[in-house]
Amino acid sequence: MSEKVYITRDEGEALSFNYDYKQVFHHESSQPKTLPEYALIKWFVKQPEQPKQMMLEVLGFIYKFTFATRDQLERMLRLKGIDAEGLDSVLQKLLDQRMANFCYFSKFDQGGPVPDDAFRVYCLDFGAVGVLSHFYCDNVTWFSTDAMVRTELVLKYLTTTLFYLSMAEARGKALQYFKPVYDVTIGHRDIRFSAAFAILQGHTPHSFILESVRAYDLPSGWDDKVDKKIVPFACQDKYWTKYFSDAEPVYIFLVEDEEQALETARIFYRRTGKDNFRLITDGQLKGGLDKAVFLKYIPNAEDPVKTGTLKKVKSSLLSGGSDDN
């Protein structure tokens, strides 16, 4: 049997695979090949109510999170109390109308039909802009280049989406807001975090910044980001006060495994000296936040800058369970 040159659905669900694989799209995004906005709007409003609602929720979700898998879209619909039966048909209609597209990951573009068992990641297409502008929110902008990114960045987007879904399932209405792809300005520099969110404890909001740290970030990329961007934001000039007026946010680092968690934590602590952060692995997140344990960094008293260990802790604020510090 010949070796497969693409990522299968089962392999992709782990959200960790070789970054040498390239995006291959279902179709080329092309504005000239997309129906005029008035034609798409007329088509959309004529759809039956249930599929139409699903289409709008799917497009809005992908617009907000940039990428999503089919399973993530199904989880989102369940969270909103929408019956996900017929989702595959809805996705196919969105593809046909060039409102959505998807990519899979291959060593090279094989041409021909997409393999049935390929890992598909959905994104927007030009046709979605008019529908979203009319029925979802104002001033929707989207460019085909938004979906053309490195494989490792697609995985980072998907892990952010996974974190949101897990958080929304665990905390429900206590999740006050969740802003993926969170950009802040530090003087003349820009910094992008994976997300910012807030959880209500009673009537008191608690702010968090999420950063998905992947294997390819470690060590040099993460060290550089912490040193040049996070340190000024969090420490030197306290730019965080421009965005979070009540209290400094807690940092949550989403990592692939505990070994990478320790490296991520040591770099962050060495550069910032701060302990207002927790880490969680992909595996813990996939098991559900209500059961998940976070990791707390414990500096070594004799050499706190270079060494330290991780301690497993629970957080009622993040998971809805009881604290165990």
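Above this text sits the structure in question.
Residues numbered from 1 in each chain as written. Predicted model: local features only at pLDDT ≥ 70, side-chain atom pairs only at ≥ 80, totals over all residues. Heavy atoms only, no water.

1. A short note on the layout of surface pockets
- What the largest pocket holds in volume is close to 480 Å³.
- Along the walls of the largest pocket sit 28 residues, with His206, Ser207, Phe208, Val250 and Leu317 positioned nearest its centre.
- Looking at the lining of the largest pocket, the elements that each hand over two or more residues are β4 (175-186), β6 (204-212), β7 (250-255), β8 (277-281) and α11 (316-319).
- If one sorts the elements of the lining of the largest pocket by residue count, β6 sits on top with four residues.
- Of the residues that constitute the lining of the largest pocket, the class distribution is 13 nonpolar, nine polar and six charged.
- Considering the residues around the second largest pocket, the lining is formed by 22 residues, among which Leu153, Lys156, Arg192, Glu211 and Lys225 are closest to the centre.
- Of all the secondary structure elements, the ones that give two or more residues to the lining of the second largest pocket are α7 (151-171), β4, β5 (189-201), β6 and α8 (220-236). (1 Å grid on protein atoms, 1.4 Å probe; cavity = no way out; pocket = protein on both sides within 12 Å on 5 of 7 lines; lining within 4 Å. Points joined across faces, edges and corners; volume = space filled by probe spheres on them. Helix = DSSP H or I, 4+ residues; strand = E, 2+ residues; numbered from the N terminus. Nonpolar A, V, L, I, M, F, W, Y, C, P; charged D, E, K, R; others polar.)

2. Structural notes on helix α5 (residues 87-96)
- When α5 is considered as a whole, its buried residues turn out to be Leu87, Val90, Leu91, Leu94 and Leu95. Seen end-on, α5 carries its buried residues on one side only, within an arc spanning 140 degrees.
- Buried residues along α5 sit against α3 (49-65), α4 (70-79), β2 (100-106) and β3 (121-124).
- Arg98 occupies a position one or two residues after α5 and carries a positive phi of about 55 degrees. (Buried < 20%, exposed > 50% of the residue type's maximum accessible area, 1.4 Å probe, protein only. Arc of directions from axis to C-beta. Contact = heavy atoms within 4.5 Å.)

3. Describing the environment of Gln236
- Its location among the elements puts Gln236 in helix α8.
- When its relative accessible area of 56% is taken as the criterion, Gln236 is described as exposed.
- For the pair Gln236 and Glu11, spaced 225 residues apart in the sequence, the C-alpha separation amounts to 42 Å.

4. Things to note about the packing of aromatic side chains
- Scanning all chains against the criterion turns up 30 aromatic pairs.
- Ring geometry for Phe193 against Phe233: centres 5.5 Å apart, planes inclined by 55 degrees, an arrangement best described as tilted. Taken together, the residues span a long stretch of sequence, with Phe193 in strand β5 and Phe233 in helix α8 at a distance of 40 residues.
- Residue class for Phe193 comes out buried when judged on its relative accessible area of 2%.
- Here Phe233 falls in the buried class, since its relative accessible area comes to 0%.
- Among the aromatic residues, ring-to-ring pairing joins Tyr182, Phe193, Trp222, Phe233, Tyr243, Phe244, Tyr251, Phe253, Phe268, Tyr269, Phe277 and Tyr297 into one connected group.
- Directly above the ring of Tyr164 sits Lys64, whose terminal nitrogen or CZ lies 5.6 Å from the centroid.
- Over the ring of Tyr177 we find Lys179; its NZ or CZ atom is 4.8 Å from the centre of that ring. (Phe/Tyr/Trp six-rings, centres within 6.5 Å; stacked < 30°, edge-to-face > 60°. Lys NZ or Arg CZ within 6 Å of the ring centre and 35° of its normal.)

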